[in-house]
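Residue strings, one per chain:
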4 protein chains.
Amino acid sequence: MTTIKDSVHDYIELHPTAEALLDTEPMQRLRYVRQLSTVQLVYPAANHTRFEHSLGVYHLASRAVDQLDLEDALADRLRAAALVHDVGHGPFGHQTERAIERHLGRHHDEIGWLLAETELGTVLEEQGIDLDAVAATVDGRGPLGELVSGPLDVDRMDYLVRDAHHTGVPYGTIDHARLIRAFRLVDGELVIADDSVASAESALIARTLMNATVYRHHVSRIAGAMLDRASERVLADGVADPDAFARLTDEELLGVLADYEPTAEFASRLRNRRLYKRAAWARREDVPETFVDLSYDRTRALEREIADVAGADPSAVILDSPGTSSSPESRARILVDGEPQRLGDRSPLVAGLDACAREIWRLGVYAPPDVLESVREATVDVLELAGDPAP
Amino acid sequence: MTTIKDSVHDYIELHPTAEALLDTEPMQRLRYVRQLSTVQLVYPAANHTRFEHSLGVYHLASRAVDQLDLEDALADRLRAAALVHDVGHGPFGHQTERAIERHLGRHHDEIGWLLAETELGTVLEEQGIDLDAVAATVDGRGPLGELVSGPLDVDRMDYLVRDAHHTGVPYGTIDHARLIRAFRLVDGELVIADDSVASAESALIARTLMNATVYRHHVSRIAGAMLDRASERVLADGVADPDAFARLTDEELLGVLADYEPTAEFASRLRNRRLYKRAAWARREDVPETFVDLSYDRTRALEREIADVAGADPSAVILDSPGTSSSPESRARILVDGEPQRLGDRSPLVAGLDACAREIWRLGVYAPPDVLESVREATVDVLELAGDPAP
Amino acid sequence: MTTIKDSVHDYIELHPTAEALLDTEPMQRLRYVRQLSTVQLVYPAANHTRFEHSLGVYHLASRAVDQLDLEDALADRLRAAALVHDVGHGPFGHQTERAIERHLGRHHDEIGWLLAETELGTVLEEQGIDLDAVAATVDGRGPLGELVSGPLDVDRMDYLVRDAHHTGVPYGTIDHARLIRAFRLVDGELVIADDSVASAESALIARTLMNATVYRHHVSRIAGAMLDRASERVLADGVADPDAFARLTDEELLGVLADYEPTAEFASRLRNRRLYKRAAWARREDVPETFVDLSYDRTRALEREIADVAGADPSAVILDSPGTSSSPESRARILVDGEPQRLGDRSPLVAGLDACAREIWRLGVYAPPDVLESVREATVDVLELAGDPAP
Amino acid sequence: MTTIKDSVHDYIELHPTAEALLDTEPMQRLRYVRQLSTVQLVYPAANHTRFEHSLGVYHLASRAVDQLDLEDALADRLRAAALVHDVGHGPFGHQTERAIERHLGRHHDEIGWLLAETELGTVLEEQGIDLDAVAATVDGRGPLGELVSGPLDVDRMDYLVRDAHHTGVPYGTIDHARLIRAFRLVDGELVIADDSVASAESALIARTLMNATVYRHHVSRIAGAMLDRASERVLADGVADPDAFARLTDEELLGVLADYEPTAEFASRLRNRRLYKRAAWARREDVPETFVDLSYDRTRALEREIADVAGADPSAVILDSPGTSSSPESRARILVDGEPQRLGDRSPLVAGLDACAREIWRLGVYAPPDVLESVREATVDVLELAGDPAP
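Per an unreviewed UniProt entry, chain A goes by the name HD superfamily phosphohydrolase and belongs to Natronococcus occultus SP4.

**A look at the sheet that holds strand S6 (residues 318-320) of chain D**
Residues and elements named next belong to chain D. Across the sheet, three strands lie side by side as S5-S9-S6; this open sheet has antiparallel pairing. The open sheet terminates on both sides in strands that have one partner only, identified here as strand S5 (277-283) and S6. Strand-to-strand, the axes of this sheet are offset by a mean angle of 15 degrees, without reference to chain direction. The sheet contact formed by S5 and strand S9 (residues 362-367) spans six bridges and is antiparallel. Considered in S9, the bridge of Arg-283 is made with Arg-362. Taken strand by strand, helix H20 (residues 372-383) contacts S5, S6 and S9, and its axis lies near 30 degrees from that of S5.

**Examining the pairing of strand S4 (residues 189-192) of chain A**
Residues and elements named next belong to chain A. Taken together, the four bridges between strand S3 (residues 183-186) and S4 define a ladder with antiparallel strand orientation. Within S4, the position partnered with Arg-184 by the bridge is Val-191. Linking two consecutive strands that pair antiparallel, namely S3 and S4, is a turn of two residues; a positive phi of about 50 degrees is found at Asp-187 within it.

**Some thoughts on the interface of chain C and chain A**
Across the boundary between the two partners, chain C contributes 39 residues, which contact 38 residues of chain A. Between chain C and chain A the total buried area reaches about 3200 Å² when both faces are included, carbon and sulfur atoms providing 46% of it. In this assembly, chain C and chain A are joined by four salt bridges. Linking C:Arg271 and A:Glu25 is a salt bridge whose minimum nitrogen-to-oxygen distance equals 3.3 Å. For the interface between chain C and chain A, the tally reads 18 residue pairs in polar contact (both at pLDDT 80 or more).

**Side note on the relation of the copies chain B and chain D**
Mapping chain B onto chain D calls for a rotation angle of 180 degrees and an axial translation of 0.0 Å; the resulting RMSD is 0.0 Å. The relationship between the two copies is best expressed as a two-fold rotation axis. Looking at the rotation axis and the C-alpha trace of chain B, the residue lying nearest is B:Asn47, at 2.9 Å. Interface residue correspondence from chain B to chain D reaches 100%, placing this contact among same-surface, isologous pairings.

**Quick look at the nonpolar core**
Counting residues in each nonpolar core, the largest one holds 224 residues, and the members touching the most others are C:Val84, C:Phe183, D:Val84 and D:Phe183. When residues no more than four places from it in sequence are discounted, the contact partners of C:Val84 are C:Leu21, C:Met27, C:Ile111, C:Leu120, C:Val134 and C:Val138. If you look at the next biggest cluster of nonpolar residues, it comprises 222 residues, including A:Ile334, B:Ile4, B:Phe51 and B:Ala61.

**Observations concerning a negative patch on the surface**
All names here are of chain A. Judged by side-chain charge, Asp-187, Asp-194, Asp-195, Asp-337 and Glu-339 come together as a negatively charged surface patch. Looking at where Glu-339 falls in the secondary structure, it is placed in strand S8 (residues 339-342). You can call Glu-339 exposed: its relative accessible area is 52%.

**Regarding the pattern of salt bridges**
Scanning all chains against the criterion turns up 117 salt bridges over all chains. Linking A:Asp228 and A:Arg229 is a salt bridge whose minimum nitrogen-to-oxygen distance equals 2.8 Å. Pair check on accessibility: A:Asp228 and A:Arg229 agree, each one buried. Of the charged contacts, one joins D:Arg300 and D:Glu303 as a salt bridge, the two residues approaching to 3.1 Å between their closest N and O atoms. Here D:Glu303 and D:Arg300 lie together in helix H17 (residues 296-310), a separation of three residues that amounts to about one turn.

**Details of the packing of aromatic side chains**
All names here are of chain A. The tally for this structure, following the rule as stated, stands at eight aromatic pairs over all chains. Ring centres of Tyr-159 and Tyr-215 lie 6.1 Å apart, and the angle between their planes is 75 degrees; this geometry places the pair in the edge-to-face category. In this pair, Tyr-159 is assigned in helix H10 (residues 154-167) and Tyr-215 in helix H12 (residues 197-215), connecting sequence segments 56 residues apart. With respect to burial, Tyr-159 and Tyr-215 carry one shared label: buried. For the ring pair Phe-266 and Tyr-276, a centre distance of 5.6 Å and an interplane angle of 85 degrees mean the geometry is edge-to-face. One end of the pair, Phe-266, is in helix H16 (residues 261-271); the other, Tyr-276, is in the loop between H16 and strand S5 (277-283), and ten residues separate them in sequence. Residue Phe-266 is classed as buried on the basis of its relative accessible area, which comes to 11%. Looking at Tyr-276, the relative accessible area reads 4%, which means it is buried.

**What about H12(A)?**
Along its length, H12(A) reaches its greatest deviation from straightness, about 25 degrees, at A:Leu209. Buried residues dominate H12(A), accounting for 18 of its 19 residues.

**Some details on the sheet that holds S5(A)**
Residues and elements named next belong to chain A. Spatial ordering of the open sheet is given by S5-S9-S6, a layout of three strands whose pairing is antiparallel. Among the strands making up the open sheet, the edge pair consists of S5 and strand S6 (318-320). Along the sheet, successive strands turn relative to each other by an average axial angle of 15 degrees, direction set aside. With three bridges joining them, S6 and strand S9 (residues 362-367) adopt antiparallel strand pairing. Its bridge partner being in S9, Ile-318 is matched across the sheet by Tyr-366.

**Re the interface of chain B and chain D**
Counting residues at the interface gives 38 residues for chain B and 38 residues for chain D. Overall, the association of chain B and chain D removes approximately 3200 Å² of surface from exposure, summing both partners, and the carbon and sulfur fraction of that is 46%. On the chain B side of the interface with chain D, the three residues burying the most area are B:Lys5, B:Tyr32 and B:Arg271, jointly 22% of the side's total. For the pair chain B and chain D, the number of links is four salt bridges.

**Here we look at unusual backbone geometry**
One non-glycine residue, B:Asp293, adopts positive backbone phi at about 60 degrees. Here B:Asp293 shows up in the loop between strand S5 (277-283) and helix H17 (296-310). Classification of B:Asp293 by relative accessible area gives exposed; the value is 52%. Positive phi, close to 50 degrees, is recorded for D:Glu384, a residue that is not glycine. Note that D:Glu384 resides in the segment after H20.

Conventions used here
Residues numbered from 1 in each chain as written. Chains lettered and ligands numbered in written order. Predicted model: local features only at pLDDT ≥ 70, side-chain atom pairs only at ≥ 80, totals over all residues. Heavy atoms only, no water. Pairing = 2+ DSSP bridges. Helix = DSSP H or I, 4+ residues; strand = E, 2+ residues; numbered from the N terminus. Axes fitted to C-alpha atoms, helices over the stretch in contact; angles between N-to-C directions. Contact = heavy atoms within 4.5 Å. Buried area = accessible area lost by both parts, 1.4 Å probe. Salt bridge = Lys/Arg side-chain N within 4 Å of Asp/Glu carboxyl O. Polar contact = N/O pair within 3.5 Å; in protein donor to acceptor, adjacent residues only side chain to side chain. Least-squares fit on C-alpha atoms with pLDDT ≥ 70 in both. Core = buried A, V, L, I, M, F, W, Y, C linked by side-chain atoms within 4.5 Å. Buried < 20%, exposed > 50% of the residue type's maximum accessible area, 1.4 Å probe, protein only. Patch = residues over 30% accessible without salt bridge, like charges linked within 9 Å, V, L, I, M, F, W, Y side chains within 5 Å. Areas by Shrake-Rupley, 256 points an atom, 1.4 Å probe, with all protein chains shown as cover. Lys, Arg positive; Asp, Glu negative; His and termini not counted. Charge placed at Lys NZ, Arg CZ, Asp CG, Glu CD. Phe/Tyr/Trp six-rings, centres within 6.5 Å; stacked < 30°, edge-to-face > 60°. Bend = angle between axes of the 7 residues up to and from the residue.

Laid out in structure tokens, this is it:
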């Protein structure tokens, strides 16, 4: 088998199917989509791509498939799904996904159309692997779909370790080798052997700490919010066709934004790291419930209202009120005396981690440096904030 | 300055005082006392010593002293205390400390006598460093004593990272560089800057996970309990003088045990890893409150009772009912809006971690393989265990 | 001081000048120029950028400046030069530098014009740092210019370690901390203390092994040769202005190539990793001296001749006959009994490494897969190769 | 299969034979024999043992056996030999081996007697593995004996990487995973595939650099020479039986030396790191050929002569004139166009490395600090040294 050298897993062996899938345009494109999109604006070394991550997920899936001793057809399908699981991501990954969903009505995990329309489908068919089954697996459905997309999937295992390696932040170091050795099948479902509770908990903890220090870093959130507004604009104005938009690379998108006058300033700000700043950065307890986890339309309306009160241009105010993070790992199942139980029921840590997630939650309002003060005051007014939201 | 190459901190620079202290017998002895005593019976690579750990603690103290910009005299004292903080440990560190305390009436952090009686004192005096102040610092008292022995001290920072490096377990990787950069002085007391809550939490988490997977591994607990019984015997029988006993190295103690007939079998079992096994391994909820955290005398009495019921030799039963672990890091103070607060009050994780510690608590009863069954039944009987205590 | 987290050096402290320089467009552009250009086509994790490398070089320069205890003005200049040393690089760094030199008549280390024309100059002037002196330092001239660009400079130290970290290849791991501690000034020149010969040799060795396994990997050489031909075409045809060309990012160049019909196929081949293959891959001893280290014009003429003999399209043949690598590190000076000597005179390894470089030298001829055979035969003919050049 | 966590190879899977072998006294003894004996006096973290190294060698042998797809019986034998290959080492490994050889007439690789006399033999017989074949393999003889003891064996691969990990010195990092993947069988002999020359060279280089910085560090050489003299004394005086001596642990030997008056001072000096110093440290070109690589008897005679001239006690002078290191890796065979060739014939680096070994060679004469000057002068006299041998 061909091998590829990886910075995280050392040598990765490629089955012939994987080699053929790698040679397709949708997979090669992932070389130009950063795994952590704008996090590199904070952690300059975070330039790893969805391509190398996809190889890592494939590698862990191969190990899991060996550990579970699966029959060949299922093993082939799971490995293929692991390798292609990210092809549906748009430029800058999660940071444009809501704009794409609004205009395409499709989540990035729905990749059936991509398999059907591109070489990926041809390769899978040549290898006798069912396209629909692969698409379902990427979406977490079908036999062992949870291995690729579930509460403790190989996707998560790879990205926690890889993101830690590339940011230099030590919190993502989970013991993935032990977790995969702890995989068991009970009635066709994936569970974790009960002597590995600490390993499973470590994955929850790693994500919680990586959220706090990396994934939800305010600089990356600001850049992401700017990308969302600019992407919305070019999609709404018909500058880019939604299907083509979804298949741009990161820098191709920056090019599109730079070439369209209404988004050119955002492009320049992103490219040269002259981002909006935080006018407001409010804790959960200071934000009225009605302003938490806002819809896109509501967000835009409130932005206009804040801009109006502040006497600022509407494009100068970006409101970013995220949902409360779920803790998917808590749904992972652990074998206790031979019976699967939810990790969340078994581990007293989960409640603490959920509280922790609530603690680091922030509502942000971003604006250019010259209008920060007025936007802050307008925000307190419009959103009825309880405390001072200065960052 | 002389430098020493360390596997964890790379180059460590030695001030002249440190060089002179290193050349003393009490410091050189620490080359022969393993940091993790019997954990190497589980993790074969865990052979690092209290000597290299002491260098690491000294190094982190030097960094902290620079970060806090302390005056020279205090800086000298803190660095010296950091370097010598472990000289009071007996052979196998924590695993003989209770036997030593019973016979010497002294905790390993009380090192005043050692400073006074050995070259350590001479060196300190030559350098104009007050012996009593150093001894107080090692005990966590006096100006900035908490830096060396406190809720988030440099001792803890070094051992979490070092133990992770040498066991290969990834959970101890805290961001000590960031934590030390976050040190601030408020009214003469050590606090953590408030943008570093995640780093402080990570130290709590690291210890909790290291407890679960390394420090409280049952094989190491069994070996430790066997060492305690054997140490007690040679001390009680006057085979070894308590003061001399406390200054043995790990293997010198094994030699002492091997040369005394009543402890020779224990020595051979420890040396060749033919340990007792778990007759009982009971969860917290299955053990009546009265049998949790037992005194030494009560433990011995219960052991005899269990042996009697089981028809076994008294030396064939070892009962090990630990206290519930406190969470010292929760007392660390974090700056919140300029005011120090307890980390435990600030971080929602702490309650979860305390629950977690309770979850991994186990009462153990250990015995030779041939009497496991009868000792297990006798244990259920004598300790009125609620559930099946088979491991 | 502000700190940045780096994957290689952990925390990097930024002086105010460095912060201001980082905020300029020429420095931010380096976020989009990969340090190893097309090596990521072989080592998928090699996506680190000249931006993070520049931070690393700055960091090592700061350490060296402290070690040598330099006066402030010189220290400021050296740190600034270290930070900006790569701003002159075009897209894909070394892989377009010859095309740029042909059209601009300027080497990437000549950055005086960039300092004068961009914000970089403004910032330097505000900080009272002389532009010309910085430009000279980047070019290896002036006081301690060799620290930034010399036989054992901090540039080399950073990239060897960083490239090893990101490719996962273990050969680049030199002991840069020890090398910098070994820096001494003798009559104003930089030398290495004589107990550090092994550290200095390790840098030579690291580069030799990295050449063999990473830097001169044939896939990257093929991609580089294709980039050179395509760049030449757009420059020669006036599609891109040379000055503007030199300031493109990697992916902006791919965009330019894709948008111009004569280079569109090359762009697509590079983007989707459908590269030319090796028609010939000839050892040094099989290539007549006259065909080693060819000028650009001679190369193009021979390519046409080979294409002609092979009956292939001229654009289907790429000839790549590199020069023999010099061994710059051998000129580094080591203190021997207080006298500086060339490392090459002191170390018996250097001759072996030079022979090694000759051993891995290869002349390559690249072509599309469908004409490989005929191009190979034509190459043997035209270049009078002594042996079979099949790879 | 049972797994063990290793700090270098992560999880190591144990076949049942390996588990049974590990449970024997000769294997458990290796927990108390340091891999790098007295190197910990220079690199305080170098406390790893021959036990964990043996596990590592076993692990790499398992991988090699899989790579070569060997039949079961041969695979079992090779894995067993890899695991037990170090049981013949005396206390402090290489540093007492010459004393043991003088008195036992047996090299540490001759382990037939140990297999026959201990549980090791019983276990091997139970598993149907031939004792003599295992003993031959450990000695590098028989089918694929070179895998365990040969120019590029798994022993070397493990120790280079492990010693680098534990000293923190970066030079030992070879790409063992790639080397093992490059293993091929040609006519029953082990060769390296020809695209892996750089990996094979890196092992030579690693050893050369580790020699210079770690293995031949003067402090460790001094301690080793002191151990040799003291060991000789207790063996010559009949204080310890040679067979029993060879099975002591490191610290048991220190105990034996401390308890015998004529060696008590050496024991105290070693234990408290109060070593002899270098009276002379002479380069190869300064030492007459007749004084290079001296026999034991000649060494003792010259020591007495030097002591006599210096007016010092005979025990105060230790002469240490090592042989010139061979370069065993150069005999490794590489496939070139399908034909095995010696790496030394293929790689131009080997000559350079041999010259390098000659360059770092030193003759040492060691003495207590108070007689250094007179011993140095006497040494120049007696050994007719050409230059000043002050270190």
